[in-house]
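Observations on the model geometry
One-letter residues, chain by chain:
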Amino acid sequence: MILIAGGGIVGLTLALSAHALGLPVRLFEQVDKPSPLGVGINLQPQAVRELTEMGLGTALDSIGARIREVAYFSKRGHRIWDEPRGTWAGYNWPQYSVHRGEFQMLLLRAAQTSLPEGSIVTGWRATGYAQEGESVTLHLEDRAGSTRSETGSLLIGCDGIHSAIHAQMHPGDGPPVWGGAVLWRGTSRAVPYLGGASMAMAGHEWQKFVTYPITDPDPVTGEAIINWIAEL
């Protein structure tokens, strides 16, 4: 049995991949009822290839936008460079821009449908583990303070930036270190700019604005959901 601590994008993708290989897996997520949080992320062609082989290629079109190009601008809006992306760049697979939370929910639905009942367990967070010969025991706790343990042959920690698994494996690393960047992130409804499926980056390393659509335009209003990031 493979134990996975954390039901984010990595944990869910790993669970689906293990199941496709015929490997038994149980995943534990600390949130009782996962919901679509976050803003935009990009799925590059190499990632879309793997997701397509997992049977999720068609579903990506229902939650995201196929990006045609990336364009770079100066901080005053002058175009510096642009180049095609995804299939327009010669790849066999597209590049998608998606809402991170909607993508996670797509993976969760796929895992709940494909894996045996009881494989996805919510409401339990990883607190640590114990190695015992050829097996490993994962220690878990719920919001009420109740504890439980699960034993398997392999444990993979996908429990986020404040990972309890990582902290136990590497106690000398300490907490995450801030890299100095401040990002304001959000989404807005608007008519897509440029070619309608473009990622635009303006500014430079220390002062940058990034924006791209994460849905196709609404057939009635012509508006899409536009993801944007202001970095300082």
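None of the values given here were measured: they were computed from a predicted structure.

1. Description of a nonpolar patch on the surface
Taken together, the side chains of Trp178, Val182, Trp184 and Leu232 present a nonpolar region at the surface, about 480 Å² in accessible area. Here Trp178 shows up in the loop between α5 (164-169) and β13 (183-190). Overall, Trp178 belongs to the exposed group, its relative accessible area being 64%.

2. Concerning the sheet that holds β13
If you trace the six strands from one edge of the open sheet to the other, you get β6-β5-β14-β15-β16-β13, paired in mixed fashion. The open sheet has two free edges, formed respectively by β6 (79-84) and β13, since each of these has just one partner strand. Geometrically, the sheet is characterised by an average inter-axis angle of 15° between neighbouring strands, direction not taken into account. Both strand β5 (residues 69-73) and β6 contribute to a ladder of five bridges, which runs antiparallel. The partner of Ala71 across the bridge, within β6, is Asp82.

Here is what the cut-offs are and how they apply
- Residues numbered from 1 in each chain as written.
- Predicted model: local features only at pLDDT ≥ 70, side-chain atom pairs only at ≥ 80, totals over all residues.
- Heavy atoms only, no water.
- Patch = residues over 30% accessible without salt bridge, like charges linked within 9 Å, V, L, I, M, F, W, Y side chains within 5 Å.
- Areas by Shrake-Rupley, 256 points an atom, 1.4 Å probe, with all protein chains shown as cover.
- Salt bridge = Lys/Arg side-chain N within 4 Å of Asp/Glu carboxyl O.
- Helix = DSSP H or I, 4+ residues; strand = E, 2+ residues; numbered from the N terminus.
- Buried < 20%, exposed > 50% of the residue type's maximum accessible area, 1.4 Å probe, protein only.
- Pairing = 2+ DSSP bridges.
- Axes fitted to C-alpha atoms, helices over the stretch in contact; angles between N-to-C directions.

Any link to function would need more than the numbers given here.
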